[in-house]
Amino acid sequence: ALTENIMDKNFKEEKFTGFTKFTPPLYRQRYQFVKDLVGKYKPKKVADLGCADCKLLCMLKFCGCIEVLAGVDICGSVMKEKMHRLSPLPVDYLQPREGSLTVTLHHGSVAHKDPCMLGFDLVTCIELIEHLEESELKKFPEVVFGFMAPSRVVISTPNSEFNPLLPGVKLFRNQDHKFEWTQLQFQSWALETAKCYGYSVEFTGVGHPPRGMENVGFCTQIGVFVKKYPQTSVSTQSEKPTEAVFKAVYPSLKDEKYLQNAVVREVISTAQIIKEILLNRLMLEHGEYNDDPTERKSKFQPSVNCFSDIGKLAVEKSKESFVSGNVVYIPLTTIFSFPRVNRLCGTYEKLSKLVAGQVTLSSDSSAVILNTEPEDS
Amino acid sequence: MTGRARARSRGRPPVLESAVSSVGAASVHQVLPVQPPGRQQPRVYTSLSEEPGGRGCQSERRPEGLQISVGFQELSIADRGGRRRDFNDLGVNTRQAIEHVQDSKTGTSGVTIKLTTNYFRLTSRPQWALYQYHVGYNPEMEARRLRSALLFQHEELIGKTHAFDGSVLFLPKKLTNKVTEVFSRTRNGEGVKITITLTNELPPSSPTCLQFYNIIFRRLLKMLNLQQIGRNYYNPNDPINIPSHRLMVWPGFTSSILQYEKSIMLCVDVSHKVLRSETVLDFMYSLYYQVEEQRFKDTCAKELIGLIVLTRYNNRTYRVDDIDWDASPQCTFRKSDGSEISFIDYYKRQYNQEITDLNQPVLISQCRRKGGNTMLGPVVLIPELCLLTGLTEKMRNDFNMMKDLASHTRLPPEQRQREIGRLVEYIQKDDNVQEELRGWGLSFDSHLLSFTGRVVQREKILQSGNAFDYNPEFGDWSKETRAAPLICPKPLDNWLLIYTRRNSDTANILLQNLFKVTPAMGIKMNKATMIEVDDRTEAYLRALQQSVTSDTNIAVCVLSSSRKDKYDAIKKYLCTDCPVPSQCVIARTLSKPQTVMAIATKIALQMNCKMGGELWSVEIPLKEVMVVGIDCYHDTLSGKQSIAGFVASLNQTMTRWFSRCVVQSRGQELVDGLKACLQTALRDWFKWNKYLPSRIIVYRDGVGDGQLYTLVNYEVPQFLDCLKSVGKDYKPRLTVIVVKKRVSTRFFAESMGALKNPPPGTVVDVEVTRPEWYDFYIVSQAVRNGCVAPTHYNVIYDTSKLKPDHMQRLTYKLCHMYYNWSGVIRVPAPCQYAHKLAFLVGQSIHREPNLLLSDRLYYL
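Everything numeric here is computed off the predicted structure, so don't read it as measured data.

Colleague: Which residues make up the overall build of chain B, and what are the values?
Modeller: Tallying secondary structure elements over chain B gives 22 helices and 40 strands in all. Taken over 860 residues, chain B has a buried fraction of 61%. Of the contacts formed within chain B by residues at least 6 apart in sequence, a portion of 74% connects residues at least 24 apart. Here chain B displays about 32900 Å² of accessible surface, and carbon together with sulfur accounts for 48% of that area.

As structure tokens, this is what we get:
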């Protein structure tokens, strides 16, 4: 039954809220809340407990700051059905991300002290706790706050005071919910837990109540827990590690192989732009152009104004390059001064190292060589 | 453009071709923004082909009752984009109507050859069947996810292996009862009665089963962590990098499972996906610095429209149909919930994608497939968020680049076989995949299918009383026939040679060399009228207007560059307003002294054909037969027109050809025009022969995957209709053969333990053909590198009563008759002529050429 509940948790409110329809849908607001938090605190390692169909993880994988993403769920089948959405896309290979990213999925209980879950900066438990049996709920704080002990924990759960505003909801919003708490119940549990494990907690939520009924509180109540002391000795013993049912390592520029590709690509494209500008200018200067009497592009004041920044730089920098015979020499230092190349390589030495053997260079390796005419056979 | 350059621009390597297929998305409307408000409804290209590279253009109708439900397709393919088309033309059974091939459709002549092919047998345990159930819910449940969740609460009943689309359930086992009722509970505690009713027990070869295999196979490929792009699957972990061209090539596979002659088989071929790590915006930037400002937008459109782009935030591919220069990412659009949002915010919120360039234009992609019940509108794409795939026209014309690429993608037989075997190896090694296969009771042979083919007798090239043999290994007789006189040389009494001042030397070199090479051919030649012009289009046109008379045999223009506008203007003028054969030559092709003689020879031959001359022939025993070739060209650029080239033989030796073409604008049926073509062709035949042909054999090229049904049910009846209208007593025998060049089938000849390309003339009509068709493969051409691609011939209508062997022989003979190449080609000459004609009209002329030229090969 849990399968169904977790699967359907994402769309239950929209379906039954009738007049209290949230835009964007409430589940999106919850995810957005987490995303904003990630954007603000830039955690490197994030775990989602009760990840279900991996939707939140899928959103989070676009966050550049995250290096490790983990999901845990008790139900393997939903996770397995949807896990492929966490695989790198073709684009991730073509334009690798700057930082590394590893995504893993674990099939297991949130009441289990899994050593794989250690060392996280942020742990999210979105609409999770209300699904826990009493015994699990009891063990939950010890596992999350005591054992995993991340710097931040986000816990969201339904606010039962809001339920009368949701048509069709009798006892609980979902059959599998073991309980639904009032604001007071949740806050006292949270404060108790926070106190016990050295965290502070702040309360907020998503899904505003209708005007005039503000005392009902948010439809979804959220507690954000922050660890008070960065270093607490972890002494609790871990249990058996759970099996990782899925693992994806994203290509990244941290990997020399991908970095080299990216640099070579950028160097060649920069060099080609400079070459074109240089040749255009030479042609103008020598008045050699005789194909079309119509005017040639004489200056780079693009009509499409997006083409200005790189253009200006390229025009300016093209002076450092020169043509000899039918070969254009573009100094590596020139190319290095372009922001995208610069950002990728960091140092000139690194640039030289990465392009060696990949790009045609002058004999002293100081300039990129391009032919003026594509040789035709 | 020279003939060669044009051929090159068209002649994409087949491996790449098959890889670059566009794929839409089934549920685009959920995720992708619709067009920004306030825009006019963009053009809708209903008649435009869906295949890149353009194939076929009929409106599509499919046989009913064999499609697995829409939901299933979604379950398997569409979750990463897929289309609902019957690519394999399942259920079009044409053989049953052709009486004389009921018992056998195989030929008999030639010597046998041992072949292997890229097929693997699918095996299942005896008495295997697939069980199809209908699953009903009471009360009715809407959401598919919910329906699955409720059903799979009963996994102990259903088992681990299953496929379910929300209403149809496939199981490898039969449930005890025909109707099973189970109860589930929803989250609200509502009780739901689920009724599982057995509706079908499918034998392994039923069409539904075949589609099912393909769905399961896609699942397996996904499990192997291959990335789906378009219809094929690619391995991203081991790309081939070509940094100098900023390209990346992913190796991968194209696969399909079908019922073939004797068994169900998996056909696997190597596919390569050309990917570019450039975004469309990067590409626009670099283009900006290469062209003049005023040509920038046009050039952009020319390079980009028709390309397939990959979006960076999901794994969908789109075809670029238009560029909207007035729009930008700052434009807003209305979401499905009615709220308005800008593209910048949308992509930021939805995918965390920053759009940095706020003034870039946007790309428009028309969605050509129906998504569920709603027709999807145009999709707006942001250049910065789209990556290019495939090659642009410019890259295709870059000889060095194509050479580089071919060295990676054109695999010789041995290597290709190894790569193909790799997929089966992956399948056999992966435990999860094996478990899934075991669950369904299926497995694949581990060896490529081997069988025996035939190599038919070699043809002799007949030229003015001489019969020449040629080396079958090269499939080329240019050396053998070099000094022989042509069957019908046309004199060059009165002809023009137009050139610019800069190229006056070149023009003279051409003239001198023509004087050297023409006597041996039997061509009488006078000195040309030499005309020097400025290097401007108008100057060329003025010279033509002033100097071309009704006596002019041919106008030869030496062009200084491959700029298309000059070429187009000349061709347009001389094909329509002033119908005179013309020959354009790019000066550079004559610049190398060591090759100039050979080139002059080729030009002389081409000029002779254009003036109505004949070069060679092969023996054609069949009498009173008119052979027709049809091919289509689709204007991918403007998306406006489709052109069908129509070519018909005029004489017994098939050395003279009548031609017409149909310029069809959007929404028009091609077939009406073809009827008119056939009528005029018959009239011309009568003029030439004083009687009407007793047999008509149509080779129909340019038919896309999944269009066979339309062809059989619309085009063929129209041909018959047309013949009926000729006269009451006129009852010629008609044969219609669909010619397909792009097939995944490859044959390897075993010779002394190694795999080689089979020799030209290899015919295969067993094992890998389809039982419901009268079809065969012929390898007619020879290739220097890579694997030779056989051509597939499907005789969809035939009252000729010709033995299959004769049909195959005739087809092969016709592959020798293309005068622009002294060798065997991939398709029968009429198809290639039709292609040339359609291409010329589609690229340069844009309307039907003057009928005064119709009995000459002016379009070569």
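Colleague: Tell me about the overall build of chain A, and name the residues and values.
Modeller: When helices and strands are tallied, chain A shows 13 helices and eleven strands. Going through the 377 residues of chain A one by one, you find that 54% of them count as buried. Here the contacts in chain A between residues at least 6 apart in sequence split such that 74% fall between residues at least 24 apart. For chain A, the accessible area works out to roughly 17000 Å², and carbon and sulfur atoms hold 52% of it.

Colleague: Give me the lowdown on the nonpolar core, citing residues and values where you can.
Modeller: Inside soluble globular proteins, nonpolar side chains tend to come together where they are buried. Judged by nonpolar contacts, the single largest core of 106 residues is most densely connected at B:W495, B:L497, B:Y699 and B:Y833. When sequence neighbours within four positions are dropped, the list of residues in contact with B:L497 reads B:A507, B:L510, B:L511, B:A528, B:T529, B:M530, B:I531, B:V556 and B:V558. Counting 65 residues, the second-largest nonpolar core is a separate cluster that includes A:F336, B:Y289, B:V291 and B:I382.

Colleague: Any chance you could break down the side chain of A:K35 for me, citing the residues and the numbers?
Modeller: With respect to the helices and strands, the residue A:K35 is situated in helix α3 (residues 26-41). Here A:K35 sits buried without a salt bridge, and the closest side chain of opposite charge, A:D36, lies 6.9 Å off (N-O distance). Non-local contacts of A:K35, meaning those with residues more than four positions away in its chain, are made with A:M59, A:L60, A:C63, B:K348, B:R349 and B:N352.

Colleague: I'd like to hear about the pattern of salt bridges, residue by residue, with values.
Modeller: Residues and elements named next belong to chain A. Per the counting criterion, the structure on display carries 45 salt bridges over all chains. Here E256 and K350 are joined by a salt bridge, their closest N and O atoms 3.6 Å apart. Residue E256 is found in helix α9 (residues 256-286), and its partner K350 is found in helix α13 (residues 348-355); the two are separated by 94 residues along the sequence. A residue is classified by how much of its surface remains accessible, and E256, at 36% relative accessible area, is partly exposed. The exposure class assigned to K350 is partly exposed, which follows from its relative accessible area of 26%.

Colleague: Summarise the environment of B:E459; cite the residues concerned and give the values.
Modeller: Residue and element names in this part refer to chain B. Within the fold, E459 resides in the loop between β24 (449-455) and β25 (461-463). What makes E459 buried here is its relative accessible area of 3%. Along the chain, E459 and L310 lie 149 residues apart, while their C-alpha atoms are 48 Å from each other. Sequence-distant contacts of E459, defined by excluding residues within four places in its chain, comprise F468, Y470, V618, E619, R809, Y812, K813 and H816. In terms of polar contacts, E459 uses its side chain to reach the side chain of K813, at 3.0 Å.

Colleague: How would you sum up the sheet that holds strand β21 (residues 379-381) of chain B? Please name residues and give values.
Modeller: Residues and elements named next belong to chain B. Taken in spatial order, the three strands make up an open sheet running β15-β18-β21, and their pairing is antiparallel. At either margin of the open sheet sits one strand with a lone partner, and together these are β15 (322-324) and β21. This sheet shows a mean twist of 35 degrees between the axes of neighbouring strands, independent of strand direction. The sheet contact formed by β15 and strand β18 (residues 362-365) spans three bridges and is antiparallel. Across the sheet, residue D322 finds its bridge partner in β18, namely I364.

Colleague: Any details on the pairing of strand β5 (residues 168-171) of chain B? Residues and values, ideally.
Modeller: Residue and element names in this part refer to chain B. Residues V168 and F170 point to one face of β5 and L169 and L171 to the other, with burial holding for every one of them. One ladder, built from four bridges, connects strand β3 (residues 130-138) with β5; its direction is antiparallel. Looking across to β5, one finds that H134 is bridged to V168. In terms of strand pairing, strand β4 (residues 163-164) meets β5 through two bridges, oriented antiparallel. Paired with F164 across the bridge in β5 is L169. Connecting β4 to the antiparallel partner β5 that follows it, the hairpin turn spans three residues, and G166 within it adopts a positive phi of roughly 110 degrees.

Criteria and thresholds
Residues numbered from 1 in each chain as written. Chains lettered and ligands numbered in written order. Predicted model: local features only at pLDDT ≥ 70, side-chain atom pairs only at ≥ 80, totals over all residues. Heavy atoms only, no water. Helix = DSSP H or I, 4+ residues; strand = E, 2+ residues; numbered from the N terminus. Buried < 20%, exposed > 50% of the residue type's maximum accessible area, 1.4 Å probe, protein only. Contact = heavy atoms within 4.5 Å. Areas by Shrake-Rupley, 256 points an atom, 1.4 Å probe, with all protein chains shown as cover. Core = buried A, V, L, I, M, F, W, Y, C linked by side-chain atoms within 4.5 Å. Lys, Arg positive; Asp, Glu negative; His and termini not counted. Salt bridge = Lys/Arg side-chain N within 4 Å of Asp/Glu carboxyl O. Polar contact = N/O pair within 3.5 Å; in protein donor to acceptor, adjacent residues only side chain to side chain. Pairing = 2+ DSSP bridges. Axes fitted to C-alpha atoms, helices over the stretch in contact; angles between N-to-C directions.

No statement about biological role is implied by the geometric values presented.
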